[in-house]
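Now for the letters of each chain:
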Protein chains: 4
Amino acid sequence: MRFFSDNAAAAHPAVIEAIARSNRLDTAYDGDAMSQSLDHAFSELFETDVRAFWVLTGTAANCLALAALCPPYGGIICHKDAHIEVDEAGAPGFFADGAKLILVDGPGAKVAPDAVDAAVGAIRKDVHQVQAKALSITNATEYGLNYSASEVAALGETARRHGLAFHLDGARFANVVVSTGASPADLSWRAGVDAMSFGFVKNGGLNAEALILFKPELAEEVAVRRKRAGHLASKGRMFAAQILAMLENDIWLDNARAANAAAQTIAAAAGERLVYPVEANEIFVRTTPEEAAALRDQGFDFYDWGPGEIRLVTSWDQGGEPLDRLAAAIAAL
Amino acid sequence: MRFFSDNAAAAHPAVIEAIARSNRLDTAYDGDAMSQSLDHAFSELFETDVRAFWVLTGTAANCLALAALCPPYGGIICHKDAHIEVDEAGAPGFFADGAKLILVDGPGAKVAPDAVDAAVGAIRKDVHQVQAKALSITNATEYGLNYSASEVAALGETARRHGLAFHLDGARFANVVVSTGASPADLSWRAGVDAMSFGFVKNGGLNAEALILFKPELAEEVAVRRKRAGHLASKGRMFAAQILAMLENDIWLDNARAANAAAQTIAAAAGERLVYPVEANEIFVRTTPEEAAALRDQGFDFYDWGPGEIRLVTSWDQGGEPLDRLAAAIAAL
Amino acid sequence: MRFFSDNAAAAHPAVIEAIARSNRLDTAYDGDAMSQSLDHAFSELFETDVRAFWVLTGTAANCLALAALCPPYGGIICHKDAHIEVDEAGAPGFFADGAKLILVDGPGAKVAPDAVDAAVGAIRKDVHQVQAKALSITNATEYGLNYSASEVAALGETARRHGLAFHLDGARFANVVVSTGASPADLSWRAGVDAMSFGFVKNGGLNAEALILFKPELAEEVAVRRKRAGHLASKGRMFAAQILAMLENDIWLDNARAANAAAQTIAAAAGERLVYPVEANEIFVRTTPEEAAALRDQGFDFYDWGPGEIRLVTSWDQGGEPLDRLAAAIAAL
Amino acid sequence: MRFFSDNAAAAHPAVIEAIARSNRLDTAYDGDAMSQSLDHAFSELFETDVRAFWVLTGTAANCLALAALCPPYGGIICHKDAHIEVDEAGAPGFFADGAKLILVDGPGAKVAPDAVDAAVGAIRKDVHQVQAKALSITNATEYGLNYSASEVAALGETARRHGLAFHLDGARFANVVVSTGASPADLSWRAGVDAMSFGFVKNGGLNAEALILFKPELAEEVAVRRKRAGHLASKGRMFAAQILAMLENDIWLDNARAANAAAQTIAAAAGERLVYPVEANEIFVRTTPEEAAALRDQGFDFYDWGPGEIRLVTSWDQGGEPLDRLAAAIAAL
């Protein structure tokens, strides 16, 4: 029973069916009708005119966006635990040609406006120090916390004040939409976000993420950068089909709701042991090494997360008996 | 009836089935059993110990290899019509951090050993000129010609003599194996090739190419570079499943055989109009603009290729009536 | 008697004196009064508001400019014999993060407007091919030819029409100003040039070149890029002092006049042997290998330049007897 | 009376004289006899076979070395207050094509072996996290502390154990040699250092630093990288002349001795107010804002360094009355 990560789960059957259905001769790259319809689909979803690109991974989506938002000689403010800093193998520096991540701290991997102010304020305004040009946040955060729409807006205002572009890593954006009840628009462009990755893989997709540009004027550059990074697949309709299948009938919302609900089940069982409030689909639980070992002995897989903590992640397809057994096992610790 | 490109064709049904079958919870990235078996599968195929990586595109496969073979300050000798020069949006310069392509000419996009000698000889051996560090060829070439095993070996010897790493763009490698009857080994590492892209997408795959390293010591670096370029998919088993499905039961060979045979059908019809001998699955035919228009009026799609030439490409699934009609139409010009 | 290159000559005594005079405690980097006065000095010279930066080499001046004018994913059209292509070790690809040089041909290393049209026209307007974003010319060219002000203006109009930024490598700009009689303004921004390197080292400077921006809005970025490339010297007043010394009393013009005159002396002696008209301070002379050897036996040093040609370059300090002897020796061939 | 920084001081007269003396026609770039003699001069100094390159700035020296020691996808461990992190405008990321600085902390900007162990230990050994490939320290540190030869050796052993290349920023190396009495060899290669910048500009040079390679096999690559970064000056003899002038008659040691002695004079006056022991030529003094203002009113210039601290830096030429007045003024606070 694996609670390692939501990115290892199976894809939703509708996704596989959509790929199979799309398997016919068509225009190559992103010239097919499905790829061409993404702009429209996401513009509807976001209630504004956006440009949408399929890409293979969140790393690609994030770093293509960052490369378009930050010059090679600029800095990108992000949390020290941000995925782009910790888990993307230096991809921001590769895609953005040497741009530097400027790290801030804050509980639960959340970036606070005054942390941004402090980071900018600490930089001498001369050519010897890398000047901040962008701000990047992750929602939900790497510790499963949400920024509310108003929190994002406060950061957007902060970014605007300092002349920073604003990027959102939305690997688990669906979980936030479901959890906060806020609209995609309120959680993004209305709050000042310029570009975002919109995650599907952790939410029942197979291997397709969307890169959303709220500044359509960036689209030409991003299209070139995607090709230049080897991310323009020949049969791109496979990516578009996945994404459209997830958007249709609100599968992306249903899946996120299921994962969030599963997380709440575990959270309730963990009670006082929770390290952070559970707001999306990640649960961090305080355990002794012996307790962690006992859970593993019962067949549950998960990561240790620093001393005395474990991380559990629920997926769209995790419910029923395994979940109940995990909840019971945790409650029994 | 589309004869634009083999990269727009449908994927072989076995590929879609394999993807569907692989859709289950498994270890993420390339930790699953199928991904882990690629080294073995390709080592068998190549009769030597290789390292194999799935990637999304030929551009990624080529440029990850080139980045591992050529330092940022080096040059890569290739044909002026090579895909890496003409159709990869400058990706070699991106992946290899500014490395430069050094262009040579030659009929049919083939690089001759003496062209390599001349290119190297023209470079002053000082720090002002970019020194050649690698040689890259495409087999089959961008004009559908093959290098025989001995031709590759002659280039391998030339590369060795000049201290150049040797890269092979094998987007249509299957077509060459089928057409020449040479073994994969004789067409690659036995001929001095250090790394190659092994194409599946143009040959019935969906969206998976293989990067093959004949120098296993490069594997660690390439694995990091793949992640850093955003090409390490979460559910990588989807890629491995495609590739394994193609290798099983020799689908990759059957598909290439079918495409090559279709090309020969057209070639026979074109006769004296052929610009190049047809050795793989691309056919370049001399036509007047009026003739090209006439073919299009009959429902055939293809690219114009310079003045007075058209390019036709056959796919694994193109045979039967449309093919016969095209052959007849060309014969009737 | 060395006629290898003007970049090996001694510096003008006024330059050395200026360095010595500037050797005092002052504000570091470019905060000193002399560095700060460069904008004004060059704005006077160019009759418009410019931003001027000292840098160490022409390579740095050219490539910092190109990095500001061309995005990493763009192409820079230049002559196949341009210094940035042939003699800067791939620096454009390094400074501009992988940007590609797109080569055109033309006699005497001159770029013609229709060659630019053809180069742009040959690029498919899609994401697979690198799109041209800048044009770079060298005046005087690598073969000692000048572009007149109207020729530069025609190229500027061509660049504007294609949406290309326009860069000028002015390593021997002084020789052109003297030779054509055109104003610096007419040879640059009035003709559409956006940024240029303004050479001093080949014209009696020690080790200081100027980077001139005709778009002041690029200055902030270029200042950062200069520092990031390790070109912001601590005691930058040394560079500013050199440049100001050259500008004062028109030493830069006198020196160029002397070098050009010396070149004319040799040109007159070479007569029919000249490969190109001599318009600046480089002379290409047809000789047999035996003739070249005979000249060397008489103590003259120079480069062979392809089969049957030698290159002679005159410097600001080359006149008098050695020059007369060389002219006589050539006339006597 | 400026105590801002040693990099703004005048150059030693012998340096200016050497530049003037070297001002004659000679082989360009680094082909002149003086440039060619640097390997020998530094090999003598370091008692082993080294390769030495002149460059314009410490930033260039450091980052050319780092680019040769760390691959683009690697990480460089350094102190969070290191010059390469704080004051080089992201140059390590530029020169090393996206390589990342991995920051550690420690008093006085010193890196301790266990901090390196901890930094390496915190990195998961997978492709998702940037792996450390190099260690960089600054001696004297940015806070004027020295590493003794045995401290460097302990770090060298640590680096070796983790497979890290070892770089030394020696902007104020002369001050350390004088202060510790250790030999250049013991402070560098005998302690495991692979490459270092050897500072002259802060110690009486004009604008020349040396890059020293203790692994001669890196020389070919570094020579190319220097050119590619626009740092191969045409009249490089100017750089070589400066460096040789400083080495002759031990001017580099005398100058460092003078600066260190001046620092001790101030240190003695500051007494309990010192933030760090004064081991080289930087003095950090605790003052109230009012006290700092009072010093400035008396004509002393210096930087504020965080709240309640000022930084004073002494130069080779600072002694006599201004120094005594500063010492008295501090003692009188």
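Worth saying up front: this structure is predicted, and the values here are computed from it rather than measured.

Q: So what about the packing of aromatic side chains? Which residues, and what values?
A: Residue and element names in this part refer to chain A. For the structure shown, the criterion picks out 74 aromatic pairs over all chains. Ring pairs connect the aromatic residues Phe42, Phe46, Phe173, Phe198, Phe200, Phe214 and Trp252, which therefore count as one cluster. Taking the ring centre of Trp54 as reference, the NZ or CZ of Arg226 above it sits at 4.3 Å.

Q: How would you explain the environment of Val193 of chain C if you had to name every residue and give the values?
A: Residues and elements named next belong to chain C. Of note, Val193 is situated in the loop between helix H9 (173-180) and strand S6 (195-198). Expressed as a C-alpha distance, the spacing of Val193 and Ala134, which sit 59 residues apart in the sequence, is 11 Å. When near neighbours in sequence (up to four residues on either side) are disregarded, Val193 contacts Val152, Phe166, Leu168, Leu187, Ser188 and Phe214.

Q: Before we move on, could you go through the interface of chain D and chain A and cite the residues and values that matter?
A: The accessible area lost on association of the parts is a frequent measure of interface size. At the junction of the two partners, chain D supplies 14 residues and chain A supplies 14 residues. When the two sides are added together, the surface that chain D and chain A hide from each other amounts to roughly 1,100 Å², 39% of it contributed by carbon and sulfur. The three residues of chain D that bury the most area against chain A are Asp87, Ala89 and His128 of chain D, which together make up 33% of that side's buried surface. Where chain D touches chain A, the interface holds four salt bridges. Asp87 of chain A is the partner of Arg124 of chain D in a salt bridge, and the nearest nitrogen-oxygen pair spans 2.7 Å. Counting the contacts that link chain D with chain A gives ten residue pairs in polar contact (both at pLDDT 80 or more). Residue composition of the side of chain D that touches chain A, by class: four nonpolar, five polar and five charged.

Q: I'd like a description of the packing of helix H1 (residues 13-21) of chain A against helix H11 (residues 237-247) of chain A, backed by residues and values.
A: Residues and elements named next belong to chain A. Close contact between H1 and H11 brings their axes to 8 Å; oriented N to C, the two are set at 140 degrees. When the axes of H1 and H11 are compared, the pair comes out oblique. The handedness of the crossing between H1 and H11 comes out as right-handed. Where H1 approaches H11, its residues Ala14, Val15, Ala18 and Ile19 are matched on the opposing element by Met238, Ala241, Gln242, Ala245 and Met246.

Q: I'd like to hear about the pairing of strand S6 (residues 195-198) of chain D, residue by residue, with values.
A: All names here are of chain D. Both faces of S6 are covered, namely the face carrying Ala195 and Ser197 and the face carrying Met196 and Phe198. Inspection of the sheet shows strand S5 (residues 165-170) paired to S6 by four bridges, in the parallel sense. Bridge pairing in S6 links Asp169 to Ser197. A crossover links S5 with its parallel partner S6, the connecting element being helix H9 (residues 173-180), and its sense is right-handed. When S6 meets strand S7 (residues 209-213), the two strands line up antiparallel, connected through four bridges. Bridged to Phe198 within S7 is Ala210.

Q: Break down the sheet that holds strand S4 (residues 132-138) of chain B for me, with residues and values.
A: Residue and element names in this part refer to chain B. Strand order in this open sheet of seven strands is S1-S7-S6-S5-S4-S2-S3, and the pairing throughout is mixed. Every interior strand has two partners, whereas the edge strands, strand S1 (51-55) and strand S3 (100-104), have only one. Between one strand axis and the next, the sheet turns through 20 degrees on average, direction left out of account. When strand S2 (residues 75-79) meets S3, the two strands line up parallel, connected through five bridges. Pairing of Gly75 across the sheet is with Lys100, part of S3.

Q: An account of the environment of Gln129 of chain A is requested, with residue identities and associated values reported.
A: As for its placement among the helices and strands, Gln129 of chain A is situated in the loop between helix H7 (113-121) and strand S4 (132-138). Sequence separation of Gln129 of chain A and Gly75 of chain A is 54 residues, and the distance between their C-alpha atoms is 9.6 Å. Residue contacts for Gln129 of chain A: discarding those within four places in its chain leaves Ala122, Ile123 and Arg124 of chain A together with Val86 and Asp87 of chain D. Within the structure, the side chain of Gln129 of chain A is placed 3.2 Å from the backbone oxygen of Val86 of chain D, a separation counted as a polar contact.

Q: Give me the lowdown on unusual backbone geometry, citing residues and values where you can.
A: Ala140 of chain C follows Asn139 of chain C through a cis peptide bond whose omega is 0 degrees. By the secondary structure assignment, Ala140 of chain C is in the loop between strand S4 (132-138) and helix H8 (149-162). Notably, Asp97 of chain B is not glycine yet its phi reads approximately 55 degrees, a positive angle. On the secondary structure map, Asp97 of chain B appears in the loop between helix H6 (91-95) and S3. Residue Asp97 of chain B is classed as buried on the basis of its relative accessible area, which comes to 11%. Positioned with a positive phi, Glu47 of chain D is a non-glycine residue whose angle comes to about 60 degrees. Residue placement: Glu47 of chain D occurs in the loop between helix H3 (38-46) and strand S1 (51-55). Of the residues examined, Glu47 of chain D reaches a relative accessible area of 47% and is grouped as partly exposed.

Q: How would you explain the interface of chain B and chain A if you had to name every residue and give the values?
A: On the side of chain A, 46 residues touch chain B, which itself brings 46 residues to the contact. It is Phe94, Arg228 and Lys235 of chain B that lose the most area in chain B upon contact with chain A, and together they represent 20% of the buried surface on that side. Applying the counting rule to chain B against chain A returns zero salt bridges. Here chain B is connected to chain A by 32 residue pairs in polar contact (both at pLDDT 80 or more). Of all the secondary structure elements, the ones that give two or more residues to the side of chain B that touches chain A are helix H1 (13-21), helix H4 (58-69), H6, helix H10 (219-228) and helix H11 (237-247) of chain B. In the side of chain B that touches chain A, the residues fall into 23 nonpolar, 13 polar and ten charged.

Q: Talk me through the relation of the copies chain B and chain A; I want residue IDs and the actual numbers.
A: With an RMSD of 0.0 Å, the operation that places chain B on chain A is a rotation of 180 degrees combined with a shift of 0.0 Å along the axis. On the angle and the small slide along the axis, the relation comes out as a two-fold axis. Every residue of chain B has its C-alpha some distance from the rotation axis, and the shortest such distance is that of Ala229 of chain B, at 3.5 Å. Looking at chain B, 100% of its interface residues are interface residues in chain A too, so the copies touch through the same face.

Q: Could you give an account of the side chain of Lys110 of chain D, with specific residues and numbers?
A: Residue and element names in this part refer to chain D. Relative to the helices and strands, Lys110 resides in the loop between strand S3 (100-104) and helix H7 (113-121). On the basis of relative accessibility, which here comes to 19%, the residue Lys110 falls in the buried class. In contact with Lys110, not counting residues within four places along its chain, are His79, Asp105, Thr141, Leu145, Asn146, Tyr147 and Glu151.

Q: Could you give an account of the pairing of strand S10 (residues 309-313) of chain A, with specific residues and numbers?
A: All names here are of chain A. Counting buried positions over the five residues of S10 gives four, a clear majority of the element. Strand direction decides the pairing type here: strand S9 (residues 303-304) and S10, joined by two bridges, are antiparallel. Bridge pairing links Tyr303 to Arg311 in S10. Counting the residues between successive antiparallel strands, the hairpin from S9 to S10 contains four residues, one of them, Gly306, with a positive phi of roughly 75 degrees.

Q: Lay out the packing of H9 of chain D against helix H12 (residues 251-270) of chain D with the relevant residues and their values.
A: Residue and element names in this part refer to chain D. Where H9 meets H12, the closest approach of the two axes is 8 Å, and the angle between their N-to-C directions is 75 degrees. In terms of axis orientation, H9 runs roughly perpendicular to H12. Within the contact between the two elements, H9 uses Ala174, Asn175, Val177, Val178 and Ser179 and H12 uses Trp252, Leu253, Ala256, Arg257, Ala259 and Asn260. Partitioned by chemical class, the residues of the contact of H9 with H12 number seven nonpolar, three polar and one charged.

Q: Residue-level account of the side chain of Lys202 of chain A, with values.
A: All names here are of chain A. Within the secondary structure, Lys202 sits in the loop between strand S6 (195-198) and strand S7 (209-213). For the buried Lys202, no salt bridge exists, and the shortest N-O distance to an oppositely charged side chain is 4.4 Å, to Asp6. Beyond its immediate sequence surroundings of up to four residues, Lys202 is in contact with Asp6, Asn7, Ala171 and Arg172.

Q: Which residues make up helix H12 (residues 251-270) of chain C, and what values go with them?
A: An ideal rise of 1.5 Å per residue puts 28 Å on 20 residues; H12 of chain C measures up with 29 Å between its terminal C-alpha atoms. Those residues of H12 of chain C not exposed but buried are Ile251, Trp252, Leu253, Asn255, Ala256, Ala259, Asn260, Ala262, Ala263, Ile266, Ala267 and Ala270 of chain C.

Q: Please give an account of the pattern of salt bridges that cites residues and values.
A: All chains considered together, the criterion is met by 85 salt bridges over all chains. As a salt-bridge pair, Asp186 of chain C and Arg190 of chain C come within 2.9 Å of each other at their nearest N and O atoms. We classify Arg190 of chain C as partly exposed; its relative accessible area is 41%. When the shortest N-O distance is used, the salt bridge between Glu47 of chain D and Arg190 of chain D registers 3.1 Å. Taken as a pair, Glu47 of chain D in the loop between H3 and S1 and Arg190 of chain D in the loop between H9 and S6 lie far apart in primary sequence, 143 residues in all. Ionic contacts of the salt-bridge type, sharing partners, join the residues Asp6, Arg172, Glu282 and Arg311 of chain A into one network.

How each quantity is defined
- Residues numbered from 1 in each chain as written.
- Chains lettered and ligands numbered in written order.
- Predicted model: local features only at pLDDT ≥ 70, side-chain atom pairs only at ≥ 80, totals over all residues.
- Heavy atoms only, no water.
- Phe/Tyr/Trp six-rings, centres within 6.5 Å; stacked < 30°, edge-to-face > 60°.
- Lys NZ or Arg CZ within 6 Å of the ring centre and 35° of its normal.
- Helix = DSSP H or I, 4+ residues; strand = E, 2+ residues; numbered from the N terminus.
- Contact = heavy atoms within 4.5 Å.
- Buried area = accessible area lost by both parts, 1.4 Å probe.
- Salt bridge = Lys/Arg side-chain N within 4 Å of Asp/Glu carboxyl O.
- Polar contact = N/O pair within 3.5 Å; in protein donor to acceptor, adjacent residues only side chain to side chain.
- Nonpolar A, V, L, I, M, F, W, Y, C, P; charged D, E, K, R; others polar.
- Axes fitted to C-alpha atoms, helices over the stretch in contact; angles between N-to-C directions.
- Parallel < 35°, antiparallel > 145°, perpendicular 65-115°, else oblique.
- Left-handed = near helix turned anticlockwise from the far one by under 90°.
- Buried < 20%, exposed > 50% of the residue type's maximum accessible area, 1.4 Å probe, protein only.
- Pairing = 2+ DSSP bridges.
- Right-handed = clockwise from strand over helix to strand, strands pointing away.
- Least-squares fit on C-alpha atoms with pLDDT ≥ 70 in both.
- Lys, Arg positive; Asp, Glu negative; His and termini not counted.
- Expected span 1.5 Å × (residues − 1).

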